[in-house]
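Structural characterization, general
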Amino acid sequence: VYEPKIRPKMLSDYIGQEKLKEMLSIYIEAAKKRKQSLDHCLFYGPPGLGKTTISNIIANELGVNCKITSGPAIEKPGEMAAILNSLSEGDVLFVDEIHRLNRQVEEVLYPAMEDFAIDVLLGKESSTRSLRLELPHFTLIGATTRAGLLSAPLRDRFGIISKLEFYKKEELTKIVLRSAKVLSVPIEEDGAKSIAMRSRGTPRLANRLLRRIRDFADVKYEGVITKDVAEESLDLLNVDKLGLDQNDRAYLTAIVDKYSGGPVGLETLAVSLGEDSGTVEDMIEPYLLLQGLIDRTKRGRVATESAYRHLGLVQ
Ligand code: ADE
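Please read all numbers here as calculations on a predicted model, not as lab measurements.

1. Focus on the layout of surface pockets
Over the atoms rolls a probe the size of a water molecule, and in doing so it shows where empty space is left. By volume, the largest pocket is sized at about 690 Å³. Lining the largest pocket are 34 residues, and of these R7, G48, L49, G50 and R204 lie nearest its centre. If you list the elements that add at least two residues to the lining of the largest pocket, you get α2 (51-62), β6 (139-144), α6 (169-182), α8 (203-219) and α12 (277-290). Top contributing element to the lining of the largest pocket by residue count: α8, with five residues. Within the lining of the largest pocket, the residues separate by chemical class into eleven nonpolar, eleven polar and twelve charged. Computed from the structure, the second largest pocket encloses a volume of approximately 550 Å³.

Next comes the structure, spelled out in structure tokens:
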């Protein structure tokens, strides 16, 4: 059975990131008015906040195609050149995890972004000549979990740089209600609120939880996602009152139990969790910091009193 797509297609359907939407609508209108390609955009921030969705919306609003690739997927300069060469005038090229492009591939992007051209090297060693190939005007949209991971020359070539923020409870509630409507899932406002409260400020998570809770509602309950259905399902899914999952709690428990509450260095902590430090820093820590459950000090990570309270270790 066909399942409708829940990602919004136009800026007007996109909930939250109000400031970004306002700026983008102006830049998009200006580019269209001048019949130019939109400036290159860099979106950064924790995963699941809508970087890909925004990029698709930008292409839709511009009335152009959106070609999607990622940093790790492009291994050779020639592959990047081929992708750039396949674009049509005005198209959007979305590069997810753009901080993972290797150096030679990244260097193809410099003239492409700046002059809409690629330099092809011909001949060998002493007789090398370079030939400049013109490209269609295009918009590169890069996404990364941390802007700091980008090389300065690449970062400097983006005209629009924006950080995506965690969503407010009210925004997530609206997103859940909208997604439920698109999926024809019966839901009560309080049910949507419960899901929103435990989605770590992240639409991707809210939508994932909505789908899982719909399964519980259909099989164990009467099909409607009420507050009780949502809460009981969320408990079964091991998502706690703050939206923390097992990984988040393992992180907090490690600081508290193994390192007496900290400070403990990121690398040490990551190793004890069996995770890569970049993953810990980009995926786990941002929401814990926002919730005030941890502090980052010069000497390392520290669990706050709120963390102890949340884990039920103090009153
Ligand atoms: N689905 C995922 N993110 C969304 C957003 N920001 N607005 C509306 N629907 C969404």
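2. Side note on unusual backbone geometry
Of note, the amide linkage connecting G262 to P263 takes the cis form, showing an omega dihedral of 5°. Residue placement: P263 occurs in the loop between α10 (246-258) and α11 (266-273). Even without being a glycine, S184 presents a positive backbone phi close to 55°. In this fold, S184 is placed in the loop between α6 and α7 (189-197). Given a relative accessible area of 65%, S184 falls into the exposed group.

3. Examining the UniProt feature "binding site: Mg(2+)" (unreviewed entry) in the protein
The sites that carry the UniProt feature "binding site: Mg(2+)" (unreviewed entry) are, in the present numbering, T52. Positionally, T52 belongs in helix α2. Its relative accessible area of 15% is what places T52 among the buried residues.

Conventions used here
- Within each chain, residues carry numbers counting from 1 in the order of the written sequence.
- Only residues with pLDDT of at least 70 get local features here, since the model is predicted, and only at 80 or more are side-chain atom pairs given and counted; chain-wide, interface and lining totals rely on the full set of residues.
- The side-chain figures draw on all heavy atoms in the structure; neither hydrogens nor water molecules are used.
- Of the two site types, the cavity is a set of points on a 1 Å grid over the protein atoms alone where a 1.4 Å probe fits but cannot get out, and the pocket is an open set with protein on both sides within 12 Å along at least five of seven lines, each lined by residues with an atom within 4 Å of a point.
- Grid points are joined across faces, edges and corners, and a volume is the space filled by probe spheres set on the points.
- Segments assigned H or I by DSSP are reported as helices when at least four residues long, segments assigned E as strands when at least two residues long, and all are numbered from the N terminus.
- Residues are grouped as follows: nonpolar covers Ala, Val, Leu, Ile, Met, Phe, Trp, Tyr, Cys and Pro; charged covers Asp, Glu, Lys and Arg; every other residue, Gly included, is treated as polar.
- The buried label applies to any residue whose accessible area, calculated with a 1.4 Å probe on protein chains only, is under 20% of its type's maximum; exposed applies above 50%, and partly exposed to all values in between.
- UniProt positions are given in the numbering used here, feature names are shortened, and annotations may be inferred rather than shown by experiment.

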